[in-house]
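Structure assessment
Each chain, letter by letter, is given below.
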Amino acid sequence: MAGVRVNGVGLFYETVGTGDPLVLVHGSWADRRSWEQVLPDLAQEYRVLVYDRRGHSQSERPARQGSRTEDEDDLGALLDELGFAPAYVAGNSFGASIALGLATRRPELFRGLIAHEPPLAGIVTGEPELRPLMDATDQKIGSVLAHLRAGETQAGARLFVEEVALGPGAWEQLPEQVRETFLRNAPTFLDEQKDPGWAALDLTALSQFTGPALVTGGTASPPWFATVTARIADALPQAQVHTFEGAGHIPHVTHPRDYVDAVTRFLRTAGGRR
């Protein structure tokens, strides 16, 4: 484990394994440890990089308002600095949005792309059948943010876990370390939501990414994610699609064996094993 300063921010990272480079980008509230159930298996074939994104856990938390573009630039600079480029990049949730956003701007950094349920609601705002679902989600997120602004961090984190991400009763089922990570990183989730461009993606620019891509979703996730992942897959010229049966928004945590199998199968097909 080590630290490096890139793009004006100190990032904490870890590398393990040998082989072609694979970078795992975590979602909101979490940190690099969210990948620990899949990391040993992936590291058997790949040189894997995990890191705490800016504002998360052991990485630096800038005092000013941030943006998803800065996270994208962090990822690009990290790949350059550590000699990982070009790499396979796998992102979950907000981490998938970061990977997709960087792929539209610096495709040369990628050997391939894996994205699970990026919360890019901006690309489906014109879908009238999704409006009730999106409104309901917006209301829940609004309640989460209200708790966080009021300093009610645990109430906000619990509401997000049980009403947005994982379902009723899930908060108490999470390991204590995971709950503590949620509470520590809650301010960064609030910061992310203030970025006016956090949910947008230029699909026309994404269509210029010609590398292999895997877009995934889970049957237990909110239904609007399926439409988002379909739009992403349609835009990518070489996209494969995989659905995790019985899984939701964080399959690498809830269904780690299924996640490893899907990712390694894709990477081998894409040329990840040489």
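Here's a quick rundown of the structure. Everything quoted here is computed from the prediction, not taken from an experiment.

Some thoughts on the nonpolar core
- Val23, Tyr51, Leu75, Leu100, Phe110, Leu113 and Ile232 are the most contacted members of the largest nonpolar core, which has 47 residues in total.
- When residues of this core are assigned to their parent elements, the largest contribution, 7 residues, is made by helix 3 (residues 94-105).
- Ignoring any residue separated from it by four or fewer positions in sequence, one finds Leu100 in contact with Leu113, Ala115, Pro118, Leu120, Leu201, Leu206 and Ile232.
- Leu22, Leu39, Ile114 and Ala247 belong to the second largest nonpolar core, which has 22 residues in total.

Overview of the layout of surface pockets
- Its boundaries defined by the atoms lining it, the largest pocket holds a volume of some 1,000 Å³.
- Lining the largest pocket are 48 residues, and of these Phe160, Ala165, Phe182, His249 and Ile250 sit closest to its centre.
- Only helix 4 (131-149), helix 5 (153-165), helix 6 (170-173), helix 7 (176-194), helix 9 (224-235) and helix 10 (251-254) provide two or more residues apiece to the lining of the largest pocket.
- Ranked by residues supplied to the lining of the largest pocket, first place goes to helix 4 with 7 residues.

Considerations on the packing of aromatic side chains
- Here the structure, examined in full by the defined rule, presents 9 aromatic pairs.
- An aromatic cluster is built from Trp29, Phe160, Trp171, Phe182 and Phe189, whose rings are joined through pairwise contacts.

Remarks on helix 9
- Its 12 residues place the ends of helix 9 17 Å apart at the C-alpha level, agreeing with the 16 Å of an ideal helix rising 1.5 Å per residue.
- Turning to helix 9, its buried residues are Trp224, Phe225, Thr227, Val228, Thr229, Ile232, Ala233 and Ala235.
- Where helix 9 is buried, its residues touch helix 3, helix 4, helix 8 (203-206), strand 7 (213-218) and strand 8 (239-244).

Some details on unusual backbone geometry
- Omega for the bond connecting Ala85 with Pro86 falls within 30 degrees of zero, at -5°, which places this linkage in the cis form.
- Its location among the elements puts Pro86 in the loop between helix 2 (68-81) and strand 5 (87-92).
- Unlike most non-glycine residues, Glu117 shows phi in positive territory, near 45°.
- Among the structural elements, Glu117 can be located in the loop between strand 6 (110-116) and helix 4.
- In this structure Glu117 comes out as buried when scored by relative accessible area, which is 1%.

Examining the pairing of strand 5
- A large share of strand 5 lies buried, amounting to 6 of its 6 residues.
- Alternating positions in strand 5 separate into two faces, Ala87, Val89 and Gly91 on one and Tyr88, Ala90 and Asn92 on the other, with burial throughout.
- The sheet contact formed by strand 3 (residues 20-25) and strand 5 spans 4 bridges and is parallel. When the sheet's bridge partners are listed, Leu24 is paired in strand 5 with Ala90.
- Across 6 bridges, strand 5 lies against strand 6 in parallel orientation. If you follow Gly91 over to strand 6, its bridge partner there is Ala115.
- Between the parallel pair strand 5 and strand 6, the chain is carried across by helix 3, and the sense of this crossover is right-handed.

So, how was this worked out
- Along every chain, residues carry numbers that run from 1 in the direction the sequence is written.
- The model is predicted, so local features are restricted to residues of pLDDT at least 70 and side-chain atom pairs to those at 80 or more, both for listing and for counting; the totals for chains, interfaces and linings are taken over all residues.
- As a rule here, side-chain values come from all non-hydrogen atoms in the structure, and water together with hydrogens is ignored.
- We call a set of buried residues a nonpolar core when its members are Ala, Val, Leu, Ile, Met, Phe, Trp, Tyr or Cys and they connect through side-chain atoms within 4.5 Å of each other.
- Only protein chains enter the accessibility calculation, which uses a 1.4 Å probe; a residue whose area is less than 20% of its type maximum is buried, one above 50% is exposed, and one in between is partly exposed.
- A helix here means a DSSP run of H or I that spans at least four residues, while a strand means a run of E at least two residues long, and both kinds are numbered starting from the N terminus.
- We call two residues in contact when some of their heavy atoms are within 4.5 Å.
- Using a grid of 1 Å spacing that covers the protein atoms alone, one calls a set of points a cavity when a 1.4 Å probe fits there but cannot get out, and a pocket when the set is open and has protein on both sides within 12 Å along at least five of seven lines; lining residues are those with an atom within 4 Å of a point.
- Grid points are joined across faces, edges and corners, and a volume is the space filled by probe spheres set on the points.
- Two rings from Phe, Tyr or Trp (for Trp, the six-membered ring) form a pair when their centres sit within 6.5 Å of each other. Planes less than 30 degrees apart are called stacked, planes more than 60 degrees apart edge-to-face, and all others tilted.
- Expected span of a helix, by definition, is 1.5 Å for each gap between consecutive residues, and there is one gap fewer than residues.
- Only when DSSP finds a minimum of two bridges between them are two strands counted as paired.
- Every crossover in which the path from the first strand over the helix to the second runs clockwise, viewed with the strands pointing away from the viewer, is termed right-handed.

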